[in-house]
Amino acid sequence: MKKTILSGSTVTGDLTLGNYIGAINNWKKLQDDYDCLYFLADLHALTVFQDPKVLRERTYSFFAQYLALGLDPQKNIIFVQSQVPEHTELSWILTCLTPLGYLNRMTQFKEKSEKHVKNINAGLYTYPILMASDILLYQADMVPVGEDQRQHMELCRDIVGFFENRYGAGTFKMPEAYVGKMGARVMSLQDPEKKMSKSDENEKNFVSIIDEAKSIEKKIKSAATDSGTEVKFDLENKAGLSNLMTIYSVLSGKTTEQIESDYMGKMYGHLKVDLAELVVETLKPVREKYLDLMKNKDYLDQLMKSGADRARPRAQATVRKVYDAVGLVKS
Ligand code: TRP
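What counts, and where the lines are drawn
- Residues numbered from 1 in each chain as written.
- Predicted model: local features only at pLDDT ≥ 70, side-chain atom pairs only at ≥ 80, totals over all residues.
- Heavy atoms only, no water.
- Domains from an automatic or database assignment.
- Contact = heavy atoms within 4.5 Å.
- Buried area = accessible area lost by both parts, 1.4 Å probe.
- Salt bridge = Lys/Arg side-chain N within 4 Å of Asp/Glu carboxyl O.
- Buried < 20%, exposed > 50% of the residue type's maximum accessible area, 1.4 Å probe, protein only.
- Helix = DSSP H or I, 4+ residues; strand = E, 2+ residues; numbered from the N terminus.

(A) Inspection of the domain arrangement of the protein chain at higher detail. Partitioning the protein chain into structural domains gives domain 1 (4-183 + 297-326) and domain 2 (210-292). Just the C-alpha atoms count here: the centres of domain 1 and domain 2 sit 32 Å apart. If you look at the interface, domain 1 gives 12 residues, while domain 2 gives 10 residues. Interface of domain 1 and domain 2: buried area, both sides summed, is about 930 Å²; carbon and sulfur atoms make up 80% of it. Contact with domain 2 buries surface across domain 1, with Leu17, Tyr20 and Ala68 losing the most and accounting together for 50% of the total. Taken together, domain 1 and domain 2 are joined by zero salt bridges.

Rendered as structure tokens:
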């Protein structure tokens, strides 16, 4: 039996070069060795204001971006959260088991409610319970997440404990978080202390996989670097430059030492020009495939449907077990 990996992504922004690098490094390996589910968390996106048109368009766009990056819809189950209603069904049961005190501790809720003062809704607060449902529904063994989701993963594990204390063991598998072990870390272009993030407000911080060539060039060339001149991989003193070298290294297959020797006696600017070209060339087929997919929404609808159809029976099996354990009468 293969282990199950589940990963969700909130439908905001566009996928980035960081996602590309994570994807090419991991997906192909993972899809053969594990049972992999990837979903778009459109319900989670609703915790902040969404224009309905934009949300719908972005869901298609995200789905197409995943496919364009090479995620195989046959080998993996790729689906949209809201198309599998069991997510919200399980969420209610788990909501009734989660003490307020545990939710009050969530730092992301605190941050988000400071940021969205005009829309501090209950969904923002119960968000981590819906996330726990996403994971527990599929009996996931491993959940790759960013550092910012570590606390939510802990809560998910706590919720398994609450359930077992009240109803006994055997309903859910205890999931493990898989934090930051998935290949090279790509950092923000202007602020290399931070991870490159698709939801960054400053667009100069990330390259999106569907950016136009001009915009990619501009962003790479204006990436923040120190005032030195020697091209040397040094994460502590040359974080910005080292980040560019990491990207260069992954995309070209050269080691950072090779890059150092290639640019001996040259300036940072030379490296930036070459890197910009390399990124543009690398992302060109991705962007083309993406634009092609977006022309055919019927095809995307079909793939979404078949993903949801494959995910649903598994989700239903868990909900059935849960309803039974909790004492709800079968229909
Ligand atoms: N909250 C996650 C994020 O913002 C997205 C997410 C929702 C998720 N449900 C999940 C991630 C389940 C992993 C598993 O990144």
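Right, picking up where we left off after that structure.
(B) Summary view of the pattern of salt bridges. Under the definition given, this model contains 14 salt bridges. Between Asp262 and Lys254 there is a salt bridge, with its nearest N and O atoms 2.9 Å apart. On the basis of relative accessible area, Asp262 is assigned to the partly exposed category, the value being 35%. Looking at Lys254, the relative accessible area reads 28%, which means it is partly exposed. Across the salt bridge formed by Asp309 and Arg312, the nearest N and O atoms sit 3.1 Å from each other. One end of the pair, Asp309, and the other, Arg312, are both in helix α13 (residues 297-326), three residues apart, so they sit about a helical turn from each other. According to the relative accessible area criterion, Asp309 is partly exposed, its value standing at 33%. Several salt bridges share partner residues, and in doing so they unite Lys305, Asp309 and Arg312 into one network.

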